[in-house]
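Architecture at a glance
Residue-level listing of the chains:
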2 protein chains.
Amino acid sequence: MAARKTKAQSRAEARAGEAAPLDLSALTAIVGYPLRRAQLAVFEDFNHRFAALELSPAQYSALVIIGANPGRKQSEIAGALGIQRPNFVAMMDELERRGLAERLRTPTDRRSRALALTAAGAALVTRARRVQAEQEEEVERLIGREGREQLLAALARLAELGT
Amino acid sequence: MAARKTKAQSRAEARAGEAAPLDLSALTAIVGYPLRRAQLAVFEDFNHRFAALELSPAQYSALVIIGANPGRKQSEIAGALGIQRPNFVAMMDELERRGLAERLRTPTDRRSRALALTAAGAALVTRARRVQAEQEEEVERLIGREGREQLLAALARLAELGT
């Protein structure tokens, strides 16, 4: 005997349908999907932690690498970070405007500029690295110290994919 | 005795300066940077492999998950994949236009639509999963079978960061 469903029954079925978890196994079993989800989670967490310092992941990378390699050319820093030149130039404009980094004339090549942190930039990098260390501690809490080391090694190998 | 440098000496020094590798250790030692570099490499490799099928990583994810979960709502699929609703609607428009997926009326809820693959969509997913399997083999070649399993587990944990 076919009974017509009540509205309440239909709503209950709809809720049950919504609650049933989706089968994502075809994606969680391939590297690209969890890699992207993890990267988004880590960057979102980074943005949360760095909101007070007003630093994006790319800006943090640039400041840290300029600090560790003072006097190197804009094109070298951009190339090492894998940032397109126009994007890097725009980022340097912003960092210079904020008084964190500067472009200096080079003695050997009049056309290129050497990058360096200002004193304010160096002070910000020191603060930022302490904030970053807190994220690394949280990562270690999630996957362990050894797990974190293995992850870094695996990611470095994966970055060679297709090259 | 201070000798003035010749142009050739200056050029040689400039070249030597360019050749000297940058110190990136402050970035390679934190998870976010190699994670992003690896994700970009894997997606670039994906785009190369999938150019003939004209599928982006997001389109591949959507088709595979619709195929594994036929009849589920648009909002559920978008939510599970972490894709913003307007972006997902635009992607479904495109997949529907290409005859790969369709939005069907649901018996229980007149306002929502259930998603399903068309026959052409199901055939494309079968081909695409074979292409994807080749990328996974390449990943295994780089980091080993066990390394790949450990990586998937670590990435799944990392995706919980900040939640």
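The structure displayed is predicted, hence computed values, not measured ones.

**Here's the deal with the overall build of chain A**
- From N to C terminus, chain A includes eight helices and two strands.
- When the helices and strands of chain A are listed from N to C terminus, the series reads α-α-α-α-α-α-β-β-α-α.
- Relative to its 163 residues, chain A shows a buried fraction of 45%.
- Long-range pairs, those at least 24 residues apart, make up 49% of the contacts in chain A with a sequence separation of at least 6.
- Surface accessibility of chain A: about 9,100 Å² in total, with carbon and sulfur atoms responsible for 52%.

**Quick look at the packing of aromatic side chains**
Residues and elements named next belong to chain A.
- Per the stated rule, a full pass over the model turns up six aromatic pairs over all chains.
- Relative to Phe50, the ring of Phe46 lies with its centre 3.9 Å away and its plane at 5°, an arrangement referred to as stacked.
- Look at Phe50 and Tyr60: their rings are 5.3 Å apart centre to centre, the planes differ by 65°, and that puts the pair in the edge-to-face class. Here Phe50 is found in the loop between helix H3 (32-49) and helix H4 (57-68), whereas its partner Tyr60 is found in helix H4, with ten residues between them in sequence. Neither residue differs from the other here; Phe50 and Tyr60 are each classed as buried.
- Members of the aromatic cluster, each reached through a chain of ring pairs, are Phe46, Phe50 and Tyr60.

**Considerations on the interface of chain A and chain B**
- With 61 residues of chain A in contact, the opposing surface of chain B contributes 61 residues.
- For the pair chain A and chain B, the two sides together bury roughly 5,700 Å², of which 70% comes from carbon and sulfur.
- Of all residues in chain A, Leu22, Leu142 and Leu161 of chain A give up the largest surface area on contact with chain B, accounting jointly for 12% of the area buried on that side.
- Seen at the junction of chain A and chain B, the total is zero salt bridges.
- For the pair chain A and chain B, the number of links is 17 residue pairs in polar contact (both at pLDDT 80 or more).
- For the side of chain A that touches chain B, the secondary-structure elements that each account for two or more residues are helix H1 (7-19), helix H2 (25-28), H3, H4, helix H5 (74-81), helix H7 (119-143) and helix H8 (145-158) of chain A.
- Among the elements that make up the side of chain A that touches chain B, the one with the highest residue count is H3 of chain A (twelve residues).
- When its residues are assigned to classes, the side of chain A that touches chain B shows 33 nonpolar, 13 polar and 15 charged.

**Side note on the side chain of Arg103 of chain B**
- Along the chain, Arg103 of chain B turns up in strand S1 (residues 101-105).
- With near-sequence residues (within four places) excluded, Arg103 of chain B lies in contact with Gln74, Val89, Met92, Asp93, Glu96, Arg113, Ala114 and Leu115 of chain B.

**Description of the relation of the copies chain A and chain B**
- Note on the identical chains: chain A maps onto chain B by a rotation of 180° and an axial translation of 0.0 Å, with an RMSD of 0.0 Å. On the angle and the small slide along the axis, the relation comes out as a two-fold axis. Minimal C-alpha separation from the rotation axis in chain A is found for Leu151 of chain A, amounting to 3.2 Å.
- Looking at the interface residues of chain A, 100% of them are also at the interface in chain B, so both copies use one shared face.

**Examining the pattern of salt bridges**
- Counted according to the given criterion, the structure contains 22 salt bridges over all chains.
- In this structure, the salt-bridge partner of Arg103 of chain A is Glu96 of chain A, at a minimum N-O distance of 3.1 Å.
- Residue Glu160 of chain B pairs with Arg157 of chain B through a salt bridge whose shortest N-O separation is 3.8 Å.
- Accessibility expressed as a relative area gives 39% for Glu160 of chain B, which makes it partly exposed.
- A single salt-bridge network, built from bridges that share partners, covers Asp93, Glu96 and Arg103 of chain A.

**Focus: unusual backbone geometry**
Residue and element names in this part refer to chain A.
- For Glu54, which is not glycine, the phi torsion reads 55° and is therefore positive.
- One can find Glu54 in the loop between H3 and H4.
- Looking at Glu54, the relative accessible area reads 58%, which means it is exposed.

**Side note on the pairing of strand S2 (residues 113-117) of chain B**
Residues and elements named next belong to chain B.
- In terms of residue burial, S2 counts as a mostly covered element, since four of its five residues are buried.
- With five bridges joining them, S1 and S2 adopt antiparallel strand pairing. Residue pairing for S2: Leu104 is matched across the bridge by Ala114.

**Considerations on helix H6 (residues 85-97) of chain A**
Residues and elements named next belong to chain A.
- Its 13 residues give H6 an end-to-end C-alpha distance of 18 Å, which sits within 8% of 18 Å, the value for a rise of 1.5 Å per residue.
- Taken residue by residue, H6 has Phe88, Met91, Met92 and Leu95 as its buried positions. Within H6, the buried residues cover an arc of 105° as seen down the axis, which keeps them to one side. Those residues of H6 that are exposed and angled more than 90 degrees off the buried face are Pro86 and Arg97.
- The inward-facing, buried residues of H6 abut H4, H5, strand S1 (101-105) and strand S2 (113-117).
- Positive phi shows up at Gly99, right after H6, with a value of about 75°.

**Quick look at helix H4 (residues 57-68) of chain B**
All names here are of chain B.
- For H4, with twelve residues, the first-to-last C-alpha span of 17 Å sits near the 16 Å given by 1.5 Å per residue.
- Burial analysis of H4 places nine of its twelve residues in the buried class, the great majority of the element.
- For H4, the complete set of buried residues consists of Pro57, Gln59, Tyr60, Ser61, Ala62, Leu63, Val64, Ile65 and Ile66.

Criteria and cut-off values
- Residues numbered from 1 in each chain as written.
- Chains lettered and ligands numbered in written order.
- Predicted model: local features only at pLDDT ≥ 70, side-chain atom pairs only at ≥ 80, totals over all residues.
- Heavy atoms only, no water.
- Helix = DSSP H or I, 4+ residues; strand = E, 2+ residues; numbered from the N terminus.
- Buried < 20%, exposed > 50% of the residue type's maximum accessible area, 1.4 Å probe, protein only.
- Contact = heavy atoms within 4.5 Å.
- Areas by Shrake-Rupley, 256 points an atom, 1.4 Å probe, with all protein chains shown as cover.
- Phe/Tyr/Trp six-rings, centres within 6.5 Å; stacked < 30°, edge-to-face > 60°.
- Buried area = accessible area lost by both parts, 1.4 Å probe.
- Salt bridge = Lys/Arg side-chain N within 4 Å of Asp/Glu carboxyl O.
- Polar contact = N/O pair within 3.5 Å; in protein donor to acceptor, adjacent residues only side chain to side chain.
- Nonpolar A, V, L, I, M, F, W, Y, C, P; charged D, E, K, R; others polar.
- Least-squares fit on C-alpha atoms with pLDDT ≥ 70 in both.
- Pairing = 2+ DSSP bridges.
- Expected span 1.5 Å × (residues − 1).
- Arc of directions from axis to C-beta.

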